[in-house]
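Letter by letter, the chains look like this.
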Amino acid sequence: MLFFLFILCLIVGIVMLSSPELKRNQQGKLIPFGVLILSFVFLIASMVRLIPPGHVGVVIVFGKVQETTLKNGLHLVNPFASIEKMSIRTESYTMSGISREGQMRGDDAIQALTSEGLMVHLDMTVWYHLIPEGAANVYSKLGLQYVDKIVRPAARTSIRNVISKYKVEDIYTQNRESVSIEIGENFREAMKDRNVEIERVLLRDVKLPAKVQNEIDAKMAAKQEAEKMEFVLDKERREAERKAVEAQGIADANKIIAQSLSGNYL
């Protein structure tokens, strides 16, 4: 906008300077010079661009994306250039079965098959950030919607690939953290040459078929009951051992006392 104002002022100034009427008017000569000065002010202002913190600027000149990106701060650029600001901060992308919790409306949970062929629904959150040096490449090939084009599909594919190696019980219980770590490693490999850094993958919730979940809950309850019973039995064994040791000690003490007593004492 400022550059177009510069062009307009420059044209007006040139026209006014070439006007015969203004040439005859000594005071009128100052007006076009003022217009020209104002046009150059607009020119300088149009070359100054501000990139906010946590962003880089992708420079586009006549439709061509420049390889060098602008870091945060003030920059002097080609007045014909346009700047697209892209965030390099840590961003999160959530896929959830709860409506409006994630980026997509409605149920966006990931459906994946386990190694037993059972369908599970997973709520996931991905932490990622755009690599500053690759911002121009991402914008040139994918545009500003790169998350929907590559991050989301790659995340869902990596999750399904990893889940297919595990049993339901592993995903639902003690191995959840290791599953999340493996998904993150698989995801990073998929995004290695995409100029997007995957920081972490969070497995937030696992929803199983009702019958399977009831069976797992019953199994876990039985396991906890068995562990509780084992604890009680172990406690009773230790108590019995303590009493046996105590009784043996009393018997040994009485034996020693009996042997030490003399007939006269009795």
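Keep in mind that this is a model prediction, so the values were computed, not measured.

Another aspect to go through is the confidence of the model for the protein chain. Caution applies to low-pLDDT parts of the model: their predicted coordinates are not meant to be read in detail. When pLDDT is averaged along the protein chain, the result is 77, and 65% of the positions lie at 70 or above. Contacts from residues 2-6, a stretch scored under 50 in pLDDT, to residues over four places away or in other chains number 12 contacts. Of the regions scoring below 50 in pLDDT, residues 22-30 engages in 7 contacts with residues more than four places distant in sequence or in other chains.

A separate point is the pairing of strand 3 (residues 64-70). In this sheet, strand 3 lies alongside strand 2 (residues 55-61) in antiparallel orientation, the contact comprising 4 bridges. Counterpart to Gly57 in the pairing with strand 3 is Leu70. With antiparallel pairing between neighbouring strands as the criterion, strand 2 and strand 3 make up a hairpin whose turn holds 2 residues, including Phe62 at a positive phi of roughly 55°.

By the definition in use, this model includes 1 aromatic pair. Ring centres of Phe62 and Phe80 lie 5.4 Å apart, and the angle between their planes is 35°; on these two criteria the pair is classed as tilted. In this pair, Phe62 sits in the loop between strand 2 and strand 3 while Phe80 sits in the loop between strand 4 (73-76) and strand 5 (81-87), placing the two residues 18 residues apart along the sequence. Overall, Phe62 belongs to the exposed group, its relative accessible area being 69%. With relative accessibility at 46%, the residue Phe80 sits in the partly exposed group.

Compared with an ideal rise of 1.5 Å per residue, which puts 15 residues at 21 Å, helix 7 (residues 176-190) spans 21 Å between its outermost C-alpha atoms and is within 8% of the ideal. Taken as a whole, helix 7 has its buried residues at Val179, Ser180, Ile183, Gly184 and Phe187. An end-on view of helix 7 places all buried positions within 140° of arc, on one side of the element. Buried residues along helix 7 sit in contact with strand 8 (119-130), helix 5 (146-163) and strand 9 (196-207).

Side-chain pairs of opposite charge can arise whenever the charged atoms involved come near each other. The tally for this structure, following the rule as stated, stands at 6 salt bridges. The partner of Glu182 in a salt bridge is Lys165, with the nearest N and O atoms 3.2 Å apart. Here the residue Glu182 occupies a position in helix 7, and Lys165 occupies one in the loop between helix 5 and helix 6 (168-172), the gap between them amounting to 17 residues. Glu177 is the partner of Arg200 in a salt bridge, and the nearest nitrogen-oxygen pair spans 3.8 Å. Residue Arg200 is found in strand 9, and its partner Glu177 is found in helix 7; the two are separated by 23 residues along the sequence. Owing to a relative accessible area of 38%, Arg200 belongs among the partly exposed residues under this scheme. When its relative accessible area of 45% is taken as the criterion, Glu177 is described as partly exposed.

Turning to the pairing of strand 1 (residues 48-51), a few remarks are in order. Side chains Arg49 and Ile51 project from strand 1 onto a buried face, and the interleaved Val48 and Leu50 project onto a face without burial. Bridge count between strand 1 and strand 4: 4 bridges; the pairing is antiparallel. The residue of strand 4 that forms the bridge with Ile51 is Gly73.

A separate point is the environment of Ser164. Mapping Ser164 onto the fold places it in the loop between helix 5 and helix 6. Between the C-alpha atoms of Ser164 and Met119, which are 45 residues apart in sequence, the distance is 9.9 Å. Setting aside chain neighbours within four positions, we find Ser164 in contact with Leu113, Thr114 and Ser115. Within the structure, the side chain of Ser164 is placed 2.7 Å from the backbone oxygen of Asn161, a separation counted as a polar contact.

Cut-off values and rules
Residues numbered from 1 in each chain as written. Predicted model: local features only at pLDDT ≥ 70, side-chain atom pairs only at ≥ 80, totals over all residues. Heavy atoms only, no water. pLDDT = per-residue confidence, 0-100. Contact = heavy atoms within 4.5 Å. Pairing = 2+ DSSP bridges. Helix = DSSP H or I, 4+ residues; strand = E, 2+ residues; numbered from the N terminus. Phe/Tyr/Trp six-rings, centres within 6.5 Å; stacked < 30°, edge-to-face > 60°. Buried < 20%, exposed > 50% of the residue type's maximum accessible area, 1.4 Å probe, protein only. Expected span 1.5 Å × (residues − 1). Arc of directions from axis to C-beta. Salt bridge = Lys/Arg side-chain N within 4 Å of Asp/Glu carboxyl O. Polar contact = N/O pair within 3.5 Å; in protein donor to acceptor, adjacent residues only side chain to side chain.

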